[in-house]
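Below, each chain spelled out in residue letters.
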Amino acid sequence: MNKDLTAGKPETVLWKFCLPLFGSIMFQQLYNIADSLVAGKFISENALAAVGNSYEITLIFIAFAFGCNMGCSIVVSQLFGAKKYGKLKSAVTTACIFSGSVCILLMAAGILGCDLLLFLIRTPKEVFSDSKLYLDIYIWGLPFVFFYNIATGIFSALGDSKTPFCFLAVSSISNIAADILFVKAFHLGVAGIAWATFLCQGASCILAVFTVWIRLKKFPYQGKPALFDAGLLKKIIVIAVPSVLQQSFISVGNILIQSVINGFGASVMAGYSAAVKLNNLVITSFTTIGNGISNYSAQNLGARKYNRIKDGFLAGIKMVWSLCIPFCILYLCFGKHLLLLFMEKNSSAALLTGRQFLWILSPFYFIISAKLAADGILRGVSAMRQFMAATFTDLILRVFLAFFLSDLTKNSIGIWFAWPVGWTIAMTISIFFYRRECSKYPCSEKSA
């Protein structure tokens with residue numbers, strides 16, 4: 001159901017809107033966690049390394065889908081807040097045409113270039129074929145990834161975070177069952193994991209797109225909205241391109257870091273693959289709440305309720321920090337037990353790698369979560385240059401330090417310290433830009 005985010009106590013509104021988003025990302029991460037868990041437990045350590053290695057490349061494709069999601073979502077949020085329903089419908093169809101075109105180009109690039117990418121990141125011979133097999137199947141499912149992201153972006157723009165949560169809950173649970181079925185019963189190996197993800201994402205995409213179509217038909221509007229609007233496309237691109245660049249540059253950075261990790265062998269790759277899944281569970285949770293803050297900010301910007309944007313940032317900080325505490329305790333105290341879900345006890349080198357990664361990163365979740373909350377405001381008010389400056393600072397520092405520290409220490413542990421340094425400096429920049437942007441808006445009205 002659609003929800004107006006421009007009325008009600010900001011903290012209450014954000015909690016109600018963001019909690020289902022948080023639940024959604026938990027189930028979304030189950031896709032990746034289930035893939036690694038089944039690979040490590042039911043196939044082999046090399047299969048776990050292959051899935052983790054492929055995952056870094058899939059993040060490039062997801063970056064483009066996410067950018068299309070945010071471009072559509074922010075523009076639709078602003079139009080929904082302003083109650084311009086005809087333009088809203090045109091924005092949706094324009095975003096779909098744009099996203100479909102991008103998806104086709106990416107599929108062609110993926111089919112032709114995955115071998116080269118795997119070679120460039122120094123994929124070891126023992127995991128190369130499985131990595132390629134996983135990616136080949138994943139690429140054919142890209143239309144599902146793109147249009148599902150567009151659908152969820154529209155739901156969020158309309159203030160509805162519960163519908164995508166329901167889709168993801170069913171899809172993720174189905175994916176776990178399909179992973180086990182294809183690997184244990186059909187003995188398909190890594191291909192079984194990829195096909196399970198393909199089928200479950202496809203089903204959730206079709207249901208989500210159909211539900212969006214039904215929802216949009218209910219908006220009142222006289223006449224027939226334009227199928228394609230060049231002006232709205234420009235607004236979508238202004239948000240989408242920086243978001244794509246942000247996510248894809250992060251993915252490229254992660255691939256470069258993955259190439260450093262691959263130089264330390266399959267055991268370190270497997271340990272990192274397991275630990276980074278747990279870390280991504282946290283980071284994507286913060287990112288999703290930041291996306292919710294973006295939708296909240298965009299609706300209130302469209303309604304010219306500027307004080308609510310500032311109140312929303314403080315509410316967002318409380319929200320993300322309340323999540324940091326349990327995650328930090330869980331990873332610092334019980335990281336070993338969580339990592340053992342992905343690997344056997346005799347994988348001592350992989351286990352040590354994973355524990356070191358979690359010990360170093362988890363105390364800094366308070367830092368990165370504050371950055372992502374500020375980024376949510378910047379994106380919601382379309383301050384994309386500032387948003388990109390903070391993100392690229394983090395990325396460049398992490399990549400440079402990963403290479404430098406791994407060479408300095410001659411050990412993989414040096415790589416993990418790149419994260420806290422990048423996060424801390426980028427957070428400082430994001431908060432500075434947030435304060436500067438919000439100072440531009442008048443403070444004449446009170447938050448409803």
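The preceding data block contains the structure.
For clarity, every value in this text was computed on a predicted model and none was experimentally measured.

Colleague: Even after reading the chapter, I still don't get the overall build of the chain, so can you show me in this structure?
Modeller: Helices and strands together make up the secondary structure of the chain, namely 15 helices and zero strands. Computed over C-alpha atoms, the radius of gyration of the chain comes to 21 Å, within 12% of the 22 Å expected from 2.2 N^0.38 for 448 residues, which places it in the range of a compact globule. With the C-alpha coordinates of the chain rotated into their principal frame, the extents come out at 65 × 40 × 35 Å. A buried classification covers 61% of the 448 residues belonging to the chain. Considering only contacts within the chain whose residues lie at least 6 apart along the sequence, 87% involve residues at least 24 apart. Surface exposure of the chain reaches about 17,800 Å², of which carbon and sulfur atoms provide 70%. For the chain, the separation between the mean place of its 37 positive charges and that of its 19 negative charges on side chains is 11 Å.

Colleague: Just checking my understanding: could you explain the nonpolar core for this structure?
Modeller: Nonpolar side chains in soluble globular proteins generally cluster together in the buried interior. Core analysis: the biggest nonpolar cluster contains 89 residues, and F286, Y331, F357, Y365, W416 and W419 have the highest contact counts within it. Take this core: its biggest share by element is 17 residues, from helix α9 (residues 266–302). Sequence-distant contacts of F286, defined by excluding residues within four places in its chain, comprise V320, L323, C324, Y365, I368, S369 and L372. If you look at the next biggest cluster of nonpolar residues, it comprises 50 residues, including C114, F146, Y148 and A169.

Colleague: Explain the packing of aromatic side chains here, please?
Modeller: Aromatic rings in a pair are described by how distant their centres are and how their planes are angled relative to each other. All told, the structure shown has 23 aromatic pairs when counted by the stated rule. Between the aromatic rings of F182 and F186, the centroid separation amounts to 5.7 Å while the plane-to-plane angle is 25°, which identifies the pairing as stacked. Among the aromatic residues, those joined into a ring-pair cluster are F286, F327, Y331, Y365 and W423.

Colleague: I'm lost on the side chain of N279 in this one. Help?
Modeller: Here N279 lies in helix α9. Setting aside residues no more than four positions away along its own chain, N279 makes contact with Y331, F357, L361, Y365 and W423.

Colleague: Could you clarify how one ought to interpret the state of the cysteines in this entry?
Modeller: By definition, a disulfide links the sulfur atoms of two cysteine residues through a covalent bond. Going through the model one piece at a time under the given rule, you end up with zero disulfides. Free cysteine: C103, not disulfide-bonded; nearest cysteine sulfur from C68 at 8.9 Å. C328 takes part in no disulfide bond, and the closest cysteine sulfur, belonging to C324, lies 5.8 Å away. Exposure remark for C328: the relative accessible area of 8% places this residue in the buried category.

Colleague: It is not clear to me how the pattern of salt bridges should be interpreted in this structure. Could you clarify?
Modeller: Side chains that differ in charge, positive against negative, can pair when their charged atoms come close. By the definition in use, this model includes six salt bridges. Where D160 meets R215, a salt bridge forms, and the shortest distance between an N and an O atom there is 2.9 Å. Remark: R215 occurs in helix α7 (residues 190–217) and D160 occurs in the loop between α5 (142–157) and α6 (162–185); sequence separation between them is 55 residues. On the basis of relative accessibility, which here comes to 2%, the residue D160 falls in the buried class. Residues participating in the shared-partner salt-bridge network are D115, K132 and D136.

Colleague: Would you mind showing me how to read the environment of I97 here?
Modeller: By the secondary structure assignment, I97 is in helix α3 (residues 85–120). Sequence separation between I97 and F357 is 260 residues; the distance between their C-alpha atoms is 41 Å. Among all residues touching I97, those that are not within four sequence positions of it are L227 and F228.

Colleague: Where do I start with unusual backbone geometry in this structure?
Modeller: Most peptide bonds take the trans configuration, and most residues that are not glycine carry a negative phi. For H187, which is not a glycine, the phi torsion comes out positive at approximately 55°. The residue H187 is located in the loop between α6 and α7 in this model.

Colleague: Explanation requested: the packing of helix α2 (residues 45–81) against α9 in the structure shown.
Modeller: Any two packed helices are characterised by how steeply their axes cross, that is the angle between the axes, and by the distance between the axes. Look at α2 against α9: their axes get within 11 Å of each other, and the N-to-C directions meet at 0°. The angle between α2 and α9 falls in the class roughly parallel. Looking at the contact of α2 with α9 residue by residue, the class counts come to 14 nonpolar, 15 polar and three charged.

Colleague: I keep staring at the environment of Y434 and nothing clicks. Help me out?
Modeller: Relative to the assigned elements, Y434 resides in helix α15 (residues 418–438). Measuring from C-alpha to C-alpha, the distance between Y434 and L378 comes to 6.3 Å, with 56 residues separating the pair along the chain. Excluding its chain neighbours within four sequence positions, the residues that come into contact with Y434 are K310, F313, A374, I377 and L378.

Colleague: Explanation requested: the packing of α3 against α5 in the structure shown.
Modeller: Relative orientation of the contacting elements α3 and α5 amounts to 155°, with a least axis distance of 9 Å. Between α3 and α5, the crossing angle belongs to the class labelled roughly antiparallel. Crossing of α3 against α5: the hand is right-handed. On the side of α3, the interface is formed by V92, A95, C96, S99, G100, V102, C103, L106 and M107, while α5 contributes L142, P143, F146, F147, I150 and I154.

Colleague: How should α3 be read in this particular structure?
Modeller: Side chains of residues three or four places apart in an α-helix project in the same direction, reflecting 3.6 residues per turn. In the structure, α3 departs most strongly from a straight axis at G113, where the bend amounts to approximately 60°. With its phi angle positive at about 60°, R122 sits one or two positions after the end of α3.

Colleague: Would you mind going over the environment of S161 with me for this structure?
Modeller: Looking at the secondary structure, you find S161 in the loop between α5 and α6. In this structure the C-alpha to C-alpha distance between S161 and G110, which are 51 residues apart in sequence, comes to 31 Å. Those residues in contact with S161 that sit more than four places away from it in its chain are K16, F17, P20, L21 and S24.

Colleague: Even after reading the chapter, I still don't get the side chain of S90, so can you show me in this structure?
Modeller: Checked against the element boundaries, S90 lands in helix α3. Side-chain polar atoms of S90 contact the backbone oxygen of A226, separated by 2.8 Å. Non-local contacts of S90, meaning those with residues more than four positions away in its chain, are made with P225, A226, L227, D229 and L232.

What counts and how
- Residues numbered from 1 in each chain as written.
- Predicted model: local features only at pLDDT ≥ 70, side-chain atom pairs only at ≥ 80, totals over all residues.
- Heavy atoms only, no water.
- Helix = DSSP H or I, 4+ residues; strand = E, 2+ residues; numbered from the N terminus.
- Rg over C-alpha atoms; globule rule 2.2 N^0.38 Å.
- Buried < 20%, exposed > 50% of the residue type's maximum accessible area, 1.4 Å probe, protein only.
- Contact = heavy atoms within 4.5 Å.
- Areas by Shrake-Rupley, 256 points an atom, 1.4 Å probe, with all protein chains shown as cover.
- Lys, Arg positive; Asp, Glu negative; His and termini not counted.
- Charge placed at Lys NZ, Arg CZ, Asp CG, Glu CD.
- Core = buried A, V, L, I, M, F, W, Y, C linked by side-chain atoms within 4.5 Å.
- Phe/Tyr/Trp six-rings, centres within 6.5 Å; stacked < 30°, edge-to-face > 60°.
- Disulfide = S-S within 2.5 Å.
- Salt bridge = Lys/Arg side-chain N within 4 Å of Asp/Glu carboxyl O.
- Axes fitted to C-alpha atoms, helices over the stretch in contact; angles between N-to-C directions.
- Parallel < 35°, antiparallel > 145°, perpendicular 65-115°, else oblique.
- Nonpolar A, V, L, I, M, F, W, Y, C, P; charged D, E, K, R; others polar.
- Left-handed = near helix turned anticlockwise from the far one by under 90°.
- Bend = angle between axes of the 7 residues up to and from the residue.
- Polar contact = N/O pair within 3.5 Å; in protein donor to acceptor, adjacent residues only side chain to side chain.

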